[in-house]
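What follows is each chain in one-letter form.
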Amino acid sequence: MKRREVIRRLTLLPLAGSIPPLESLSSPVEGTYLSRQNDPMPHLHQEAFVMDGHTHVMTRELLMGTDIGQRYADGNVDLPRAKEGGLDAMFFSVYTPEHYYPGRFEVKNTFRVINLALDQINKNESMIELALNASDIERINKKGKMAAFLDLEGGYDLDGDIHLLKALHRLGLRSMQLTAHNTTNAFIDSCNDVSRWGGINDLGKKIITQMNRLGMVINVAHASNEAILQTVEASTHPVIYSHGGFYGIVPHPRCITDQAAKAVASKGGVIGIHFGSLFNNPKYFKWQSEQKTSRETKPTTVGQTNAKTIEEIDKQVAREVPLSFRGTIPDQYWMHVDQLARVIDYGVKLVGEDHMAIGSDLDGGPELPREIKDISDFPQITIAMQKLGYSDGRIKKILGLNWLRVIRKVTEGK
């Protein structure tokens, strides 16, 4: 079986294990369904510091020549809608998908996307500015602007060249996912690929040490369970899990185990909750798992390409833009935002309110809840947490203060 087929099957199919009782996790609470048309932004959301731990940007701008400062008719993210959603800051995702790996174009794509991100931020300086640390974020917010905190998703270099890492830091990158998205690279295992290292190897430890020295946030999303545990142990700083769900709710390989979540929290780290049904809604996950036979017989092109040049790969990826979910979900499997609040509550009970946050993955393909069509609907998650009876202080931590605390600790040592 080809390696990419292994990745696809692991990504789509459940691991062994039982699915938690559906009634306890995904049944809606009477009266909690929300109407975004009728619910104004809560005062709490307006006054809170709101930060998304994983928002996809720049792929569309790179391939379509668009401007994130303009309102799009489709997709989930642009700056005008982010402003409407009350966002004060976001992990500005620099994404290199698997399409670029076979031809070893991942380094070239990473540098051109970061360069474009800096250009787009400068072009839209009336709305957004680049932040290198927590103090920058606060300074930018005081001017009434959003802050962009650059975060790399995808292989900066499959070989793990530390010189390239240092160069990216000098360009403004302050957060990086260690795995090459869903692919195991030369120093860390992905949760969706074959295990080569049993977690991380010596090179992985050197990269972690270098990131600690540089003051870069280490992101373990997409890493294997062993890799997460070993990264937390190797790092002198808190690490983050920017976007995903809990394996205790949905047994998908991309969801974090209770063991790993506790380890991340024990080091002062934060877990961001993804907005998608596949990681958070047992009913939807079960329904998707029942379709596995038909999926296995269909050919896949994800990560596979015969393209010889980066321009040819660009054309292939452009056909998938915007990178938002385009399918349909039957009503009985369509998640409501109250289920996301339950997932957050699972995390609060497991690791505490100081270690939970939001990492939506908007424009990264999540099957969004009924009440959330795009980033302008961010207040819906605040309303859902209020209906759980959460205190204002707890909600503010989850909406963004926990991200800010980790960024401050890593980038400023405070």
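The protein has the name Membrane dipeptidase in an unreviewed UniProt entry, where Rhodocytophaga rosea is given as its organism.

A few words now on the environment of Asp-345. Topologically, Asp-345 is positioned in helix H16 (residues 337-351). With 45 residues separating them along the chain, Asp-345 and Tyr-390 place their C-alpha atoms 9.4 Å apart. Other than its neighbours up to four places away in sequence, Asp-345 contacts Leu-388 and Tyr-390.

This part is about the pairing of strand E2 (residues 89-95). For E2, the tally of buried residues reaches 7 of 7 residues, placing the bulk of the element in the interior. When strand E1 (residues 51-56) meets E2, the two strands line up parallel, connected through 4 bridges. Bridge pairing in E2 links Thr-55 to Phe-92. The pairing of E2 with strand E4 (residues 146-153) spans 7 bridges and is parallel. When the bridges of E4 are listed, Met-90 appears paired with Ala-148.

Moving on: the side chain of His-45. Here His-45 lies in helix H3 (residues 43-47). Polar contacts involving the side chain of His-45 include one to the side chain of Thr-382, which spans 2.6 Å. Residues contacting His-45, with those up to four places away along its chain left out, are Val-50, Gly-85, Gly-86, Phe-378, Pro-379, Thr-382 and Leu-399.

Before going further, it helps to spend a moment on the confidence of the model for the protein. It should be kept in mind that the predicted coordinates are not to be read in detail where pLDDT is low. Looking at the protein, pLDDT values average 89 and 87% of them are 70 or higher. Between residues 296-303, whose pLDDT stays under 50, and residues either more than four places distant or in other chains, the model counts 11 contacts.

A packed helix pair is summarised by two numbers, namely the angle formed by the two axes and the spacing between the axes. As a packed pair, helix H10 (residues 225-234) and helix H11 (residues 258-266) sit with axes 9 Å apart at the nearest point and diverge in direction by 20 degrees. Classified by the interaxial angle, the pair formed by H10 and H11 is roughly parallel. In this structure, H10 crosses over H11, and the sense of that crossing is left-handed. Contact with H10, carried on its side by Asn-225, Ile-228, Leu-229 and Val-232, involves Gln-259, Ala-260, Ala-263 and Val-264 of H11 and no other residues of that element. Residue classes in the contact of H10 with H11 are distributed as 6 nonpolar, 2 polar and no charged.

Bringing the nonpolar core into the picture now. If you look at the biggest cluster of nonpolar residues, it comprises 88 residues, and the most contacted ones within it are Phe-92 and Met-176. Ranked by the residues each element gives to this core, the list is headed by H16, at 7 residues. Every residue in contact with Met-176, bar those within four places of it in the chain, is listed here: Asp-151, Leu-152, Tyr-156, Leu-165, Ile-207, Met-211, Met-216, Val-217, Ile-218 and Asn-219. Listed in part, the 19 residues of the second largest apolar core include Phe-49, Ala-147, Val-270 and Trp-403.

All right, on to helix H15 (residues 310-318) then. Buried residues of H15: Ile-310, Ile-313, Asp-314 and Val-317, and no others. The buried residues of H15 occupy one face: seen down the axis, they fall within an arc of 105 degrees. Tucked inside the fold, the buried residues of H15 contact helix H4 (59-64) and helix H6 (106-123).

Let's shift gears to the pairing of strand E7 (residues 239-244). As a general feature of sheets, a regular strand has side chains that alternate between the two faces. The buried count for E7 comes to 6 of 6 residues, which makes it a mostly enclosed element. Across 2 bridges, the pairing between strand E6 (residues 217-219) and E7 is parallel. Directly across from Asn-219, in E7, lies its bridge partner Ile-240. Crossover handedness for the path E6 to H10 to E7: right-handed.

This part is about the pattern of salt bridges. Following the criterion strictly, the structure yields 24 salt bridges and no others. A salt bridge links Lys-397 to Asp-354; its shortest N-O distance comes to 2.7 Å. Placement of Lys-397 in helix H18 (residues 392-412) and of Asp-354 in the loop between H16 and strand E9 (356-358) is noted, with a sequence separation of 43 residues between them. Looking at Lys-397, the relative accessible area reads 23%, which means it is partly exposed. For Asp-354, a relative accessible area of 32% gives the class partly exposed. The network of salt bridges with shared partners includes Glu-129, Asp-136, Arg-139, Lys-143 and Lys-145.

On to the packing of aromatic side chains. As enumerated under the stated definition, the model contains 6 aromatic pairs in all. With a centroid separation of 4.9 Å and an interplanar angle of 10 degrees, the aromatic rings of Trp-287 and Tyr-333 are classed as stacked. Within this pair, whereas Trp-287 is found in helix H13 (residues 282-290), its partner Tyr-333 is found in the loop between H15 and H16, the two being separated by 46 residues in sequence. Through a chain of ring-to-ring contacts, the aromatic side chains of Phe-91, Phe-149 and Trp-403 assemble into a single cluster. Positioned above the aromatic ring of Tyr-390 is the side chain of Arg-394, whose terminal nitrogen or guanidinium carbon lies 4.8 Å from the ring centre.

A few words on the side chain of Asn-402. For Asn-402, the location among the structural elements is in helix H18. The class for Asn-402 is buried, based on a relative accessible area of 3%. From its side chain, Asn-402 meets the backbone oxygen of Asp-354 in a polar contact 3.4 Å long.

Geometrically, the link from Val-321 to Pro-322 is a cis peptide bond, its omega value of -5 degrees lying close to zero. Along the chain, Pro-322 falls in the loop between H15 and H16. The backbone phi angle of Met-58 is positive, close to 85 degrees, even though this residue is not glycine. Mapped onto the elements of the fold, Met-58 is located in the loop between E1 and H4. For Met-58, a relative accessible area of 0% gives the class buried. Although it is not a glycine, Asp-361 adopts a positive phi angle of roughly 65 degrees. Among the secondary structure elements, Asp-361 is positioned in the loop between E9 and helix H17 (379-387).

The rules behind each value
- Residues numbered from 1 in each chain as written.
- Predicted model: local features only at pLDDT ≥ 70, side-chain atom pairs only at ≥ 80, totals over all residues.
- Heavy atoms only, no water.
- Helix = DSSP H or I, 4+ residues; strand = E, 2+ residues; numbered from the N terminus.
- Contact = heavy atoms within 4.5 Å.
- Buried < 20%, exposed > 50% of the residue type's maximum accessible area, 1.4 Å probe, protein only.
- Pairing = 2+ DSSP bridges.
- Polar contact = N/O pair within 3.5 Å; in protein donor to acceptor, adjacent residues only side chain to side chain.
- pLDDT = per-residue confidence, 0-100.
- Axes fitted to C-alpha atoms, helices over the stretch in contact; angles between N-to-C directions.
- Parallel < 35°, antiparallel > 145°, perpendicular 65-115°, else oblique.
- Left-handed = near helix turned anticlockwise from the far one by under 90°.
- Nonpolar A, V, L, I, M, F, W, Y, C, P; charged D, E, K, R; others polar.
- Core = buried A, V, L, I, M, F, W, Y, C linked by side-chain atoms within 4.5 Å.
- Arc of directions from axis to C-beta.
- Right-handed = clockwise from strand over helix to strand, strands pointing away.
- Salt bridge = Lys/Arg side-chain N within 4 Å of Asp/Glu carboxyl O.
- Phe/Tyr/Trp six-rings, centres within 6.5 Å; stacked < 30°, edge-to-face > 60°.
- Lys NZ or Arg CZ within 6 Å of the ring centre and 35° of its normal.

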